[in-house]
Amino acid sequence: MSLALTDLTLSHFRSHRRAQIAGDGRPVAIYGPNGAGKTNILEAVSMFSPGRGLRRAAAAEMARRPEALGWKLSGVLRLSGRVHEIETWSEEGAARQVRIDGKAASQVDLGRVSRVVWLVPAMDRLWIEAAEGRRRFLDRMVMSFDPGHAEASLIYEKAMRERNRLLKDQVRDAHWYAALESQMAEAGHRIDQARRSALAELVVAQAGAETAFPTAELTLVQAEGELSGSEAELRAALAAGRGRDLQAGRTLIGPHRADLHAVYAAKDVAARECSTGEQKALLVSLILANARALAARDAAAPILLLDEVAAHLDAGRRAALYDEICALGAQAWMTGTGPELFAELGARAQYLEVTEEAGESHVERREQP
C-alpha cells in the first residue's frame, strides 16, 4: 500500500499553461529533452507537501511567464480507502494557499495527510558543500516524520532573528534577551530531539534492508564547544554566550549550527571523501531508507520524487533502484532525458513524454517503450 497522487492538474505553473496527468499509483517515468519542463512537474508534486517545494522557490517565481497571473495545482491523494482532494495556489505572487477537501488548511495540515520525499541534482554536492545544505536535507527528512518540525523551526528562527538584531545593535540589557532565549531554548530542544529521532529511524531502516546501495553511518554534530542537552541547558548556554555573541553580532550556539556527517560504512570513508558515484549512491540509500522508515511506521510508502535519478548510476544500480521502488510499492515520479533510462521498469510504470514549443510545455502519455 502506498500514497498516490492522481488526477494532477497544473495551471499556469512554470512552463505549463495547463497540464492534466492521470496517475494510477504506479511509478511515473517522465522523459524529454533538457528544458522541456520535466522537473517542473516534479516541483508541482512537491507542493503537495509542506514548505517551498524541491526548488525552495518563492511563490511568485512559480508563476508562468510572461502572464505572471498566479498559479494553481490540484490533485487527489489516495491511500487505501482514504481520499483527499488537495488544492494549492498563489495569486499574483502572494503566499501560497492550501485547501483540503474544500476547506482552508495550513501547511502543517497538509503534512499530516501527505508524505513526499525527493532527490534532485542540486543535492549531489551535499557532502562537500556548507553545513547549511546538509541541515536543510536533514530537516526535510525530519518533516516527513514530524510535520510539526516546520513550526518549531519557524519559532526558533523568528526568535533568533530578533536576538541577532539586539546583538547587532549592541543591546546589553539582559531583560531584552530572556524571553527570546526562552523561546529559542524550547523550540531548539524540540528541533534537536526531532532530528535525533529521525536519524534513529533511518538507522533502523538501513540496517534491516538488503540493498545494492551502501549503508551510511550518520551523526548529528554540534558546533565546536556545544553539547546537546535539555531545554534548560540550552537556555543557560544562550545566556552565558551573550558576550561572545555580542562580539560576533550573531548567535553562535544552537541547532542552527548543527551538521550532518555521514560515513560510507563498508569502506569506513567519510562521505565527503568518496567518489562522485559513491556520494550519489549514499544519497539514494538515504532517500530509500527515509521511504522505508515511513512505510514501516505508517504502513504506507511516501511519494518519491527523483529528478535525473540515472545520473552517476550504472545500469545495475539503476535496475536495483527500480526494483526497490516497486518492492516498496511507492509512487515514484522520475525524470530522464530518454525512455531507455527506464527500460528496466517495463510495465511496472506509466510513461509521460514532455516536449516544449514556443515556451510552453506539453505532456503526452506514452505506451511502454
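Residues numbered from 1 in each chain as written. Predicted model: local features only at pLDDT ≥ 70, side-chain atom pairs only at ≥ 80, totals over all residues. Heavy atoms only, no water.

**Q** What is the right way to read the overall build of the protein from this model?
**A** Counting its regular elements, the protein contains nine helices and 15 strands. Taking 21 Å as the expected radius of gyration for a compact globule of 369 residues, we find that the protein reaches 22 Å, a close match to that expectation. For the protein, the C-alpha atoms occupy an extent of roughly 70 × 50 × 40 Å along the three principal directions. Counting the 369 residues in the protein, one finds 54% classified as buried. When contacts within the protein are restricted to residue pairs at least 6 apart in sequence, long-range pairs at least 24 apart make up 71% of them. Just so you have it, the protein exposes about 16,400 Å², and 49% of that area is on carbon and sulfur atoms. (Helix = DSSP H or I, 4+ residues; strand = E, 2+ residues; numbered from the N terminus. Rg over C-alpha atoms; globule rule 2.2 N^0.38 Å. Buried < 20%, exposed > 50% of the residue type's maximum accessible area, 1.4 Å probe, protein only. Contact = heavy atoms within 4.5 Å. Areas by Shrake-Rupley, 256 points an atom, 1.4 Å probe, with all protein chains shown as cover.)

**Q** Hey, could you run me through the nonpolar core in this one?
**A** Soluble globular proteins tend to bury their nonpolar side chains together. In this structure, Leu321 and Trp333 are the most contacted members of the largest nonpolar core, which totals 97 residues. Ranked by residues supplied to this core, first place goes to helix H8 (residues 276-298) with twelve residues. If sequence neighbours within four positions are ignored, tryptophan 333 has contacts with Leu5, Leu8, Ile21, Val28, Ile30, Ile41, Leu42, Val45, Ile303, Leu304, Leu305 and Leu306. (Core = buried A, V, L, I, M, F, W, Y, C linked by side-chain atoms within 4.5 Å.)

**Q** Looking at this structure, I do not really get the sheet that holds strand E8 (residues 116-119). What am I missing?
**A** Within a sheet, neighbouring strands are paired by backbone hydrogen bonds and run either parallel or antiparallel to one another. As summarised here, the arrangement of the six strands in space is E8-E12-E13-E3-E14-E15, forming an open sheet in which the pairing is mixed. Two strands lie at the open edges of the sheet, namely E8 and strand E15 (360-366), each paired on one side alone. Each adjacent strand pair in this sheet contributes to an overall mean axis angle of 20°, direction not counted. For strand E12 (residues 303-306) and strand E13 (residues 332-336), the ladder comprises three bridges, and the chain directions are parallel. Residue pairing across strands places leucine 304 opposite alanine 332, the latter belonging to E13. Across the face of the sheet, H8 comes into contact with E8 and E12 while running at roughly 170° to E8. (Pairing = 2+ DSSP bridges. Axes fitted to C-alpha atoms, helices over the stretch in contact; angles between N-to-C directions.)

**Q** Quick question: what am I supposed to make of the packing of aromatic side chains here?
**A** The geometry of two aromatic rings is summed up by the distance between their centres and the angle between their planes. This model, assessed by the stated rule, comprises two aromatic pairs. Each ring, one from phenylalanine 13 and one from tryptophan 71, has its centre 5.4 Å from the other, and the planes form 80°; the classification is edge-to-face. Pair noted here: phenylalanine 13 is in strand E1 (residues 4-13) and tryptophan 71 is in strand E4 (residues 70-79), with a separation of 58 residues, a long-range link. Arranged with centres 6.2 Å apart and planes meeting at 35°, the rings of tyrosine 322 and phenylalanine 342 form a pair that is tilted. Of the two residues, tyrosine 322 is situated in helix H9 (residues 315-328) and phenylalanine 342 in the loop between E13 and strand E14 (350-357); the sequence distance between them amounts to 20 residues. (Phe/Tyr/Trp six-rings, centres within 6.5 Å; stacked < 30°, edge-to-face > 60°.)

**Q** Before we go on, may I ask you to explain the sheet that holds strand E11 (residues 269-270) in this structure?
**A** Pairing within the open sheet is antiparallel, and its three strands lie in the order E9-E10-E11. The open sheet has two edge strands, strand E9 (216-221) and E11, and neither has a second partner. In this structure, E9 lies alongside strand E10 (residues 259-264), joined through six bridges in antiparallel fashion. Each bridged residue has a counterpart across the sheet, and for alanine 216 the counterpart in E10 is tyrosine 264. Most of the contacts of helix H5 (residues 174-207) go to E9, to which it runs at about 170°, and overall it touches E9 and E10.

Without other data, these values stay purely geometric and don't point to any function.
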